[in-house]
Amino acid sequence: MQTPTSDFDAIVVGTGPGGATVARELSRNGKKVLILERGDNDPEKGTFLKTLPRAFVPGKNVVLTRQALPVVRAITTGGSSMIYCGTAFDPPLDILKSYGVDISRESEELTSDVPVTKLPDELLGPGPRAFLESAMDLGYDARKQNKFIYPSRCKADCQLCMYGCPYGAKWDARRFVAEAMVNGALMINFANVEKVLVENKKAVGVQYRHDKETFHAYAPKIIIAAGGIGSPLILRKSGMRSAGFDFFFDPLVFVYGKIKGLGSGKSIPMSTGIHFEEDGIMMTDFNMPRMLKLGLDLEILKVKQAFSYSDTLPIMIKIRDELGGEVANNGWVKKSLTKEDVKKLDKGTEHAKRILKNAGATDIYRSWRVAAHPGGTVKIGEQVDSNLKTKFDNLYVCDCSVMPQEWGLPPTRTLIALGKRLVKHLLAAEEAAKKGSSEKTDPAPALMPAAETAEAPAPRTEMLH
Ligand SMILES: Cc1cc2nc3c(=O)[nH]c(=O)nc-3n(C[C@H](O)[C@H](O)[C@H](O)COP(=O)(O)OP(=O)(O)OC[C@H]3O[C@@H](n4cnc5c(N)ncnc54)[C@H](O)[C@@H]3O)c2cc1C
């Protein structure tokens, strides 16, 4: 059977930090890119109502585990970067190097495209200040965190990062998508990719649903970047049945305290923090939008606190959870916290309570658990090699799902760096192929198991529009 032809050099599925970076870098290098994005591309408004359908629709972007733990992601252009807090943690370079992946150069390079900076003191609101001062007073190694924020556009008295920054101060992956489109990329929104079309163990295209119809799109390179939950679902339907198991999701809790005279409750979240690396616990200040706090309080029946917003200092505790669980075929998440995970959350809570008490807080209580970084579902060294290639030629994965092991810190900087590295690899491989060698003569060091068998769907007529 002949491979269908296409107008595109590559198809990128999903526009979170991973996919957006790949689309931007490919298009900057003259490649024609088709971007397929399941969500909308409506403008950011920085409001609860706009965020609701992107991030809080049960079964779509919030799914509950059996322990009633919500796992949150955003389905929209820009992916979860539209609701993230914009904190830029350094990548786990040593962990990745041990899997044959060196992104140290790319992690530095990205600072010329993306703001990575600590907030100046005048942007530290009362919440972060109180957290930092109290923690330092107790001898904790508390510091300002690097942020993906343009300080000149940012407002100190604001806590709206998770609603999509209304001031254009927070970097999000839409910026790279917009750049890709200026460079000639085509994006189709509301395109729900179902599977990859595979022919003779080579990926040739994707099948997606759009406007209640099924379409096929074809390109010589396919990059799946639908996130830690989206990507394994697509890959499983494409013949990679081991995708979507034994993953992490970085569970977290909030601990709140009331500090008289603290202020409006508005400050940029995650401006400062403490990392207990050995314990796998991270802790930051976390002023959040009013409606979010209300929802989290009502979830644990803290009715009085739900309607009290000012003078509150929330502290977030996020942990490095043990690998486990399964992304179910319907997109729900089956994963239970282990005893170790619960112990870590409790230990972090004790630290937070100490810091709150030392800051003069009363009425201290803890939220229910949430998880926001599903990843490790298509691991480097298992389902993809160190060049992020799957067992199928021309099929790559570039998002949080490729993280090879649990790490416990927010991954956006790592994902941008991985995207840049992948595109360098694709361009170099193309150059090498032109010169007569091929990608196959330079196998990647870490290989996935050969146990999986291809289940190649028959390509149908091209219906791309
Ligand atoms: C509340 C919150 C706060 C966070 N704060 C931080 C932070 O401060 N710092 C940090 O580094 N990280 C933070 N994160 C995590 C970070 O946002 C994510 O880890 C990151 O966005 C993951 O990027 P990704 O490319 O893997 O996928 P995603 O961002 O999940 O993007 C996946 C994309 O694929 C699309 N998609 C899904 N399925 C399909 C399909 N079938 N077909 C087509 N498209 C599809 C989605 O719509 C989306 O656009 C936060 C996350 C949340 C939820």
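This text goes with the structure placed above it.
What counts and how
All residue numbers refer to position in the chain's written sequence, counted from 1. Reporting in this predicted model follows two pLDDT cut-offs: at least 70 for local features of residues, and 80 or more for side-chain atom pairs to be given and counted; totals over whole chains, interfaces and linings ignore these cut-offs and use all residues. In this text, helices come from DSSP runs of H or I with a minimum length of four residues, and strands from runs of E with a minimum of two, each type numbered from the N-terminal end. Once C-beta atoms are placed from the backbone, each residue is buried if 20 or more other C-beta atoms lie within 10 Å of its own, exposed if 12 or fewer, and partly exposed for counts between those two. Here, residues touch in the contact sense if the C-beta positions derived from the backbone fall within 7 Å of one another. One nonpolar core equals one set of buried Ala, Val, Leu, Ile, Met, Phe, Trp, Tyr and Cys residues connected by C-beta atoms within 7 Å. Reported domain spans reflect what an automatic or database domain assignment gives. The rule for pairing is simple: two strands pair if DSSP sees at least two bridges between them. Nearness between a residue and a molecule or strand is assessed with a C-beta atom placed from the backbone; a distance within 6 Å qualifies. Along the arc lie the directions from the helix axis toward the C-beta atoms. Every axis in this analysis is a line fitted to C-alpha atoms, fitted for helices over the stretch in contact. Angles between the N-to-C directions lie between 0 and 180 degrees.

## Things to note about the overall build of the protein
Item 1. Summing up its helical and strand segments, the protein has eleven helices and 22 strands in all.
Item 2. Summarising its shape, the C-alpha atoms of the protein cover approximately 70 × 45 × 40 Å along the three principal directions.
Item 3. Counting only residues that meet the buried cut, the protein has 53% of its 465 residues in that class.
Item 4. Of the contacts made within the protein by residues no fewer than 6 positions apart, 78% connect residues no fewer than 24 positions apart.

## Details of the nonpolar core
Item 1. Core analysis: the biggest nonpolar cluster contains 131 residues, and I11, V13, A23, I315 and I317 have the highest contact counts within it.
Item 2. At seven residues, the largest contribution of residues to this core is made by helix α11 (residues 412-434).
Item 3. When residues of this core are assigned to domains, at least three map to each of domain 1 (1-41 + 76-114 + 171-246 + 375-465) and domain 2 (62-70 + 118-161 + 249-372).

## With respect to the pairing of strand β12 (residues 221-224)
Item 1. In β12, alternate side chains face the same way, and those of K221 and I223 on one face and I222 and I224 on the other are all buried.
Item 2. For strand β1 (residues 10-13) and β12, the ladder comprises four bridges, and the chain directions are parallel. Each residue of the ladder has a partner; that of I11, found in β12, is I222.
Item 3. Alignment of β12 against strand β22 (residues 395-397), held across three bridges, turns out to be parallel.

## Here we look at unusual backbone geometry
Item 1. Backbone geometry at A68 places phi at a positive 60°, although glycine is not the residue there.
Item 2. Here the phi dihedral of L388 falls at roughly 65°; this positive angle occurs in a residue that is not glycine.
Item 3. Structurally, the position occupied by L388 is in the loop between β21 (370-371) and β22.

## Examining the site of the ligand
Item 1. Near the ligand lie 42 residues; those nearest to it are G14, G16, G79, G227 and G230.
Item 2. Put simply, the parts of the chain that give the shell around the ligand at least two residues each are α1 (17-28), β9 (192-199), α7 (227-237) and α11.
Item 3. The element that contributes the greatest number of residues to the shell around the ligand is α7, accounting for four residues.

## Focus: helix α6 (residues 174-182)
Item 1. For α6, the full list of buried residues reads R174, F176, V177 and A180. Considered in projection along α6, the buried side chains sweep an arc of 160° and stay on one side of the axis.
Item 2. Among the structural elements, α1, β2 (33-36) and β8 (186-188) are those in contact with the buried residues of α6.
Item 3. G184 sits one or two residues past α6 and shows a positive phi near 110°.

## Here's the deal with the sheet that holds strand β10 (residues 202-210)
Item 1. The three strands lie next to each other as β9-β10-β11, forming an open sheet whose pairing is antiparallel. Only two strands of the sheet have a single partner each, and these edge strands are β9 and β11 (213-218). Sheet twist, expressed as the average angle between the axes of neighbouring strands with direction ignored, equals 25°.
Item 2. Pairing analysis gives seven bridges linking β9 to β10, with the strands arranged antiparallel. Residue V198 lies in a different strand from β10, and its bridge partner there is A203.

## What about the sheet that holds strand β18 (residues 324-327)?
Item 1. The antiparallel open sheet is built from three strands, whose spatial order is β13-β18-β19. The sheet terminates laterally at β13 (245-247) and β19 (333-334), the two strands that pair on one side only.
Item 2. For β13 and β18, the ladder comprises two bridges, and the chain directions are antiparallel. Bridging across to β18, F247 finds its partner in G324.

## Some details on the environment of W332
Item 1. Along the polypeptide, W332 turns up in the loop between β18 and β19.
Item 2. By the C-beta count within 10 Å, which is 16 here, W332 ends up partly exposed.
Item 3. Put simply, W332 and V62 are 270 residues apart on the chain and 8.7 Å apart in space, counted from C-alpha to C-alpha.

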